[in-house]
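# Residue-level structural notes
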Amino acid sequence: TLAAIDTARAPYAVHQWAAAPLIASPLSAAGGAEHPVTNPANLTQVGTVRLPSDADLDNALAAATPWQASAAERADVLNRAADLYEENYGELFALLAREAGKTLADCVAELREAVDFLRYYAARIPAEDPVGVFTCISPWNFPLAIFSGQIAAALAVGNAVIAKPAEQTPLIAYRAVSLLHEAGVPVSALQLLPGGGEVGAALTSDPRVGGVAFTGSTATALKIRASMADNLRPGAPLIAETGGLNAMIVDSTALPEQAVQSIIESAFQSAGQRCSALRCLYLQDDIADTVLKMLKGAMDALNLGDPWHLTTDSGPVIDDTARAGILAHIDTARAEGRVLKEMQAPQGGTFVAPTLISVPGISALKQEIFGPVLHVARFKSQELDKVIDDINATGYGLTFGLHTRIDDRVQYICDRIHAGNLYVNRNQIGAIVGSQPFGGEGLSGTGPKAGGPLYLSRFCAPDRQRADSNWAEGASEMSSLP
Ligand code: UN1
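Bear in mind that the values here come from a model prediction, so they are computed numbers and not experimental data.

### Concerning unusual backbone geometry
Backbone geometry follows two general trends: most residues other than glycine have a negative phi, and most peptide bonds adopt the trans configuration. Between G447 and the following residue, P448, the backbone shows a cis peptide bond with an omega angle of -10°. Along the polypeptide, P448 turns up in the loop between β16 (441-442) and α15 (464-479). Not every positive phi belongs to a glycine, and S270 is a case in point at roughly 60°. Examined against the element boundaries, S270 turns out to sit in the loop between α10 (256-268) and β9 (278-284). Notably, A271 is not glycine yet its phi reads approximately 50°, a positive angle. Relative to the assigned elements, A271 resides in the loop between α10 and β9. The buried category is assigned to A271, whose relative accessible area is 1%.

### Re the UniProt feature "active site" (unreviewed entry) in the protein
Look at the UniProt record and you will see "active site" (unreviewed entry) annotated at E241 and C275. Despite a sequence span of 35 residues, these residues sit close together in the fold, their greatest C-alpha distance being 9.1 Å. Among the secondary structure elements, E241 is positioned in strand β7 (residues 238-241). Not counting chain neighbours up to four residues away, the residues in contact with E241 comprise F214, T215, G216, F438, S444, G445 and A450. As for its placement among the helices and strands, C275 is situated in the loop between α10 and β9. Dropping the residues within four chain positions of it, C275 is found in contact with N141, T242, G244, N246, E368, F370, L398 and F438.

### Details of the pattern of salt bridges
For the structure shown, the criterion picks out 19 salt bridges. Measuring nitrogen to oxygen at the nearest pair gives 3.7 Å for the salt bridge that ties R50 to E34. With R50 in strand β2 (residues 45-50) and E34 in strand β1 (residues 34-38), this pair connects stretches of sequence that are 16 residues apart. Classification of E34 as partly exposed rests on a relative accessible area of 47%. Within the structure, one salt-bridge network assembled from shared partners comprises D285, D289, R378 and K380.

### So, the side chain of Q284
With respect to the secondary-structure elements, Q284 resides in strand β9. Under the relative-accessibility criterion, Q284 is labelled buried at 6%. From its side chain, Q284 meets the backbone nitrogen of S252 in a polar contact 3.0 Å long.

### Regarding the site of the ligand
E113, N141, F142, I146, R274, C275, S276, I429, G430, A431 and F438 make up every residue found near the ligand. Separating an oxygen atom of the ligand from a backbone N or O atom of A431 is a distance of 2.7 Å. Protein burial of the ligand: of its 320 Å² of free accessible surface, 97% is covered by the chains. Class assignment for the residues of the shell around the ligand results in six nonpolar, three polar and two charged.

### Observations regarding the environment of I369
Its location among the elements puts I369 in the loop between β11 (355-358) and β12 (373-379). Residues within four places of I369 in sequence aside, it is in contact with R279, I326, H329 and H375.

### A few points about the packing of helix α5 (residues 104-122) against helix α6 (residues 145-156)
Here α5 crosses α6 at 5°, and the two axes come no closer than 8 Å. When the interaxial angle is binned, α5 and α6 end up roughly parallel. Where α5 abuts α6, its residues E110, E113, A114, F117, L118 and Y121 lie against A145, S148, G149, A152, A153 and A156.

### Observations regarding the pairing of strand β8 (residues 246-250)
Burial analysis of β8 places five of its five residues in the buried class, the great majority of the element. With burial as the criterion, each face of β8 is covered, one bearing N246, M248 and V250 and the other bearing A247 and I249. Handedness of the crossover joining β8 and β9 through α10 is recorded here as right-handed. Pairing geometry for β8 and strand β14 (residues 399-403), over four bridges, is parallel. The partner of A247 across the bridge, within β14, is F400.

### Re the pairing of β11
In summary, the side chains of a regular strand alternate between the two faces of the sheet. Bridge count for strand β10 (residues 339-341) against β11 is two bridges, and the pairing is antiparallel. When the sheet's bridge partners are listed, K341 is paired in β11 with L356.

### Details of the sheet that holds β10
Pairing is mixed in the open sheet, where seven strands are placed in the order β10-β11-β12-β9-β8-β14-β15. A single partner strand is all that each edge strand has here, and the edge strands are β10 and β15 (421-424). Direction aside, neighbouring strands of the sheet carry axes that sit 25° apart on average.

### Considerations on the confidence of the model for the protein
Here the protein averages 90 in pLDDT, while 89% of its residues score no lower than 70. Counting interchain partners and residues more than four positions distant, the pLDDT-below-50 stretch residues 1-25 has 67 contacts. Confidence drops under pLDDT 50 across residues 471-482; counting only partners more than four residues distant or on other chains, this segment forms 21 contacts. For this predicted complex, the interface confidence score (ipTM) comes to 0.94, while the overall pTM stands at 0.91.

### Structural notes on the nonpolar core
Core analysis: the biggest nonpolar cluster contains 64 residues, and Y85, Y121, L144, L155, L180 and F459 have the highest contact counts within it. Discounting residues that sit within four places of it in the chain, Y85 has contacts with L92, L111, A114, V115, L118, L144, S148, A176, L179 and L180. Counting 31 residues, the second largest nonpolar core, distinct from the first, contains I330, L365, Y396 and A419.

### Some remarks on the sheet that holds strand β5 (residues 190-192)
Whether parallel or antiparallel, the strands of a sheet pair through hydrogen bonds between backbone atoms. Spatially, five strands are ordered β5-β4-β3-β6-β7 in an open sheet, and the strand pairing comes out parallel. For this open sheet the edge positions go to β5 and β7, each flanked by a neighbour on one side alone. Taking the axes of each pair of neighbouring strands and ignoring which way they run, one obtains an average angle of 15° across the sheet. Direction of pairing for strand β4 (residues 160-164) relative to β5: parallel, over a ladder of three bridges. Counted as the bridge partner of V161 is L190 from β5.

Rules used in this analysis
Residues numbered from 1 in each chain as written. Predicted model: local features only at pLDDT ≥ 70, side-chain atom pairs only at ≥ 80, totals over all residues. Heavy atoms only, no water. Helix = DSSP H or I, 4+ residues; strand = E, 2+ residues; numbered from the N terminus. Buried < 20%, exposed > 50% of the residue type's maximum accessible area, 1.4 Å probe, protein only. UniProt positions renumbered as here; feature names shortened; annotations may be inferred. Contact = heavy atoms within 4.5 Å. Salt bridge = Lys/Arg side-chain N within 4 Å of Asp/Glu carboxyl O. Polar contact = N/O pair within 3.5 Å; in protein donor to acceptor, adjacent residues only side chain to side chain. Near = heavy atom within 4 Å. Areas by Shrake-Rupley, 256 points an atom, 1.4 Å probe, with all protein chains shown as cover. Nonpolar A, V, L, I, M, F, W, Y, C, P; charged D, E, K, R; others polar. Axes fitted to C-alpha atoms, helices over the stretch in contact; angles between N-to-C directions. Parallel < 35°, antiparallel > 145°, perpendicular 65-115°, else oblique. Right-handed = clockwise from strand over helix to strand, strands pointing away. Pairing = 2+ DSSP bridges. pLDDT = per-residue confidence, 0-100. Core = buried A, V, L, I, M, F, W, Y, C linked by side-chain atoms within 4.5 Å.

In structure tokens:
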């Protein structure tokens, strides 16, 4: 019941901090099994959460109540939460590094993005009513920024939120929620239920849920959509941000130094664990050898290791399952003689060293490899249209990068590539709230873009007509693809 939750202040209320190794224990009084959280850089235990029991799930749904406060009050509270995030940066960085393996540079960018989301949505609260109860399901790769962005959008409009963070990163989520509560979000309007797919499935199939915001794999998004269609009221919004098979084209007029810097950041920053990351690099024949030589040198200069060290450029991948999948992909390429560059991975954690693999083209990539693996293809100038067609034929459309010094070519290629975010002569990661809203087309998501002017509209109770057209639009985008 609501009273029970209020008494506990947060459902996962016990939170202890100890000196290294950091142990955090958001454990509820009731609840299901204990779930350990592991530091991917050294496999030590970061803390424990207690997973919700069926009764916890039911209680959370019964207690969820849209936020009864004026738009101005909600804006004040979200801005106060942004202040609290900033004030607690050291603790948030420690959690991001230890739980998610984030380098310090990535921690800074992630906190900034989370704070930007809070302030951006607080400044643009529409007059419409909330949908009701929103389920927000977020990924481990941006466990603070995407987690907070979804929640802030839903709360800004006055929805009640039940947030399910990724299994691997519940502690940073717990800390974020406790700061939002401290800022003044009522517990009945924001509850946290950590767990895996079963918790997500329960929270997307209960008719008390009015809408779902999801960031994660395309396959999971399609399951959620089916579950919503079967169980939720017609027109319930699904805002899905999903995967990508992102390409970059470097033509013979590109500046090699600039291209190489962009490639290193796009493919290997965050150990390649961004849906925006570069997966397939197309090099025009005349420049390919120069770029590859410089790229290999730049890879040798990367520091791999403990993300908590100031000098580390790239940390571990999230866990053993992720590492095994990526290594299997590299093994296959090695057996086929297609590995162009391999490096030594640090020991002791779930590290994968940055790797270059040669491919004939992007169609050789059967799925998104979510790690520091870059596929490289060559093309001749007369093959440009085929390259564009092959990139579009993946069905994904998230990010695309282009390096060229010919203005007409920028126009020509950007007019033809289907992608939510197009980047020219720069890296293709690191969208910025407000100035570069982020989101994809086709298999990459439903839109509207996060951190953009239209995003909050999907968290509002629409009039019937708008709900139906939004739903049809989102559904047809995602079902028209394989
Ligand atoms: C994701 O990786 O799930 O632009 C999406 C970027 C980030 C991507 C977030 N905003 O790199």
